[in-house]
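Residue-level structure breakdown
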Amino acid sequence: MHMNVAPHLLTEDRAEYERVLDDALSTAHARPDLAGAGTRLTLAQLRAMTLNATTLVTSAAASEYDHFVKVREQNRATLGARPAENSDRPGAGPGVVAILTVMVPVLAGTAAVIFLLVGAVLRALAPTMVFGATLLTAGLVFGAVAAAGLLGAAVGLLLTALRNSPAAVRTGSAPDDELSRAREAWRRALLERGILPFLRDALAATAPPTGSPPTPQT
């Protein structure tokens, strides 16, 4: 049996509507106001009736549902805008920056070691040779570059750790928290103002008339 779709109920939320309904039916035996569920009407019958009355049932929680959909769309728009904002920033991408941060200290350090070793050997073999002193100077320069690169990498790691701190995580998860609250408010309104009243009315319509004479026993 196909479910009627309310004008304001999106396709992606049909399953959520059915889950709320199934939860209500699974606990019907513990609700005094739903006495008769499973006897006067079976749970399958009540489920089919409620699905066919989706337009009526969901309209009771229309305001909460509209708020839930609005928050969800805003959350999706925010998440979709973040990659675009990052791609619009000028300069090298994060991958290039990370590679340079690692490679500069390594290459500069390697060059510094080579120049210092060769310069020291030349200086020991030929103290009067100017080229040896030049190599030593170049080695010291590359050593300074390597040290600066290591310092820059350390600063980058510190900034990354600060961005990923618990405070930043909490700030980033705020839209999700609001979305969860909006979804829960809709589910609660759907259950209390839509599904349960409909089930009570359906059971009341099948109740025997009050004060009717007992059926004669044969």
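Refer to the structure presented above.
Let me begin by describing the structure that accompanies this report. (Residues numbered from 1 in each chain as written. Predicted model: local features only at pLDDT ≥ 70, side-chain atom pairs only at ≥ 80, totals over all residues. Heavy atoms only, no water.)

Comments concerning a nonpolar patch on the surface
Side chains of Ile 99, Val 102, Met 103, Val 106 and Leu 107 sit close together on the surface and give an oily, nonpolar patch of about 460 Å² of accessible area. Note on placement: Ile 99 falls in helix α5 (residues 94–125). For Ile 99, a relative accessible area of 54% puts it in the exposed group. (Patch = residues over 30% accessible without salt bridge, like charges linked within 9 Å, V, L, I, M, F, W, Y side chains within 5 Å. Areas by Shrake-Rupley, 256 points an atom, 1.4 Å probe, with all protein chains shown as cover. Salt bridge = Lys/Arg side-chain N within 4 Å of Asp/Glu carboxyl O. Helix = DSSP H or I, 4+ residues; strand = E, 2+ residues; numbered from the N terminus. Buried < 20%, exposed > 50% of the residue type's maximum accessible area, 1.4 Å probe, protein only.)

Focus on the side chain of Glu 16
With respect to the helices and strands, the residue Glu 16 is situated in helix α1 (residues 14–26). Among all residues touching Glu 16, those that are not within four sequence positions of it are Arg 183, Trp 186 and Arg 187. (Contact = heavy atoms within 4.5 Å.)

Digging into helix α2 (residues 43–52)
Taken together, the buried positions of α2 are Leu 46, Thr 50 and Leu 51. Down the axis of α2, the sector holding all buried residues measures 130°, keeping them to one side. (Arc of directions from axis to C-beta.)

Digging into the pattern of salt bridges
Under the definition given, this model contains 11 salt bridges. Residue Glu 12 pairs with Arg 72 through a salt bridge whose shortest N-O separation is 3.4 Å. In this pair, Glu 12 sits in the segment before α1 while Arg 72 sits in helix α4 (residues 62–87), placing the two residues 60 residues apart along the sequence. For Arg 72, a relative accessible area of 6% translates into the label buried. Across the pair Arg 200 and Asp 33 runs a salt bridge, and its minimum N-O distance is 2.7 Å. Residue Arg 200 is found in helix α8 (residues 174–205), and its partner Asp 33 is found in the loop between α1 and α2; the two are separated by 167 residues along the sequence. Accessibility expressed as a relative area gives 36% for Asp 33, which makes it partly exposed. It is possible to trace a salt-bridge network through shared partners that takes in Glu 12, Asp 13, Arg 72, Glu 73 and Arg 76.

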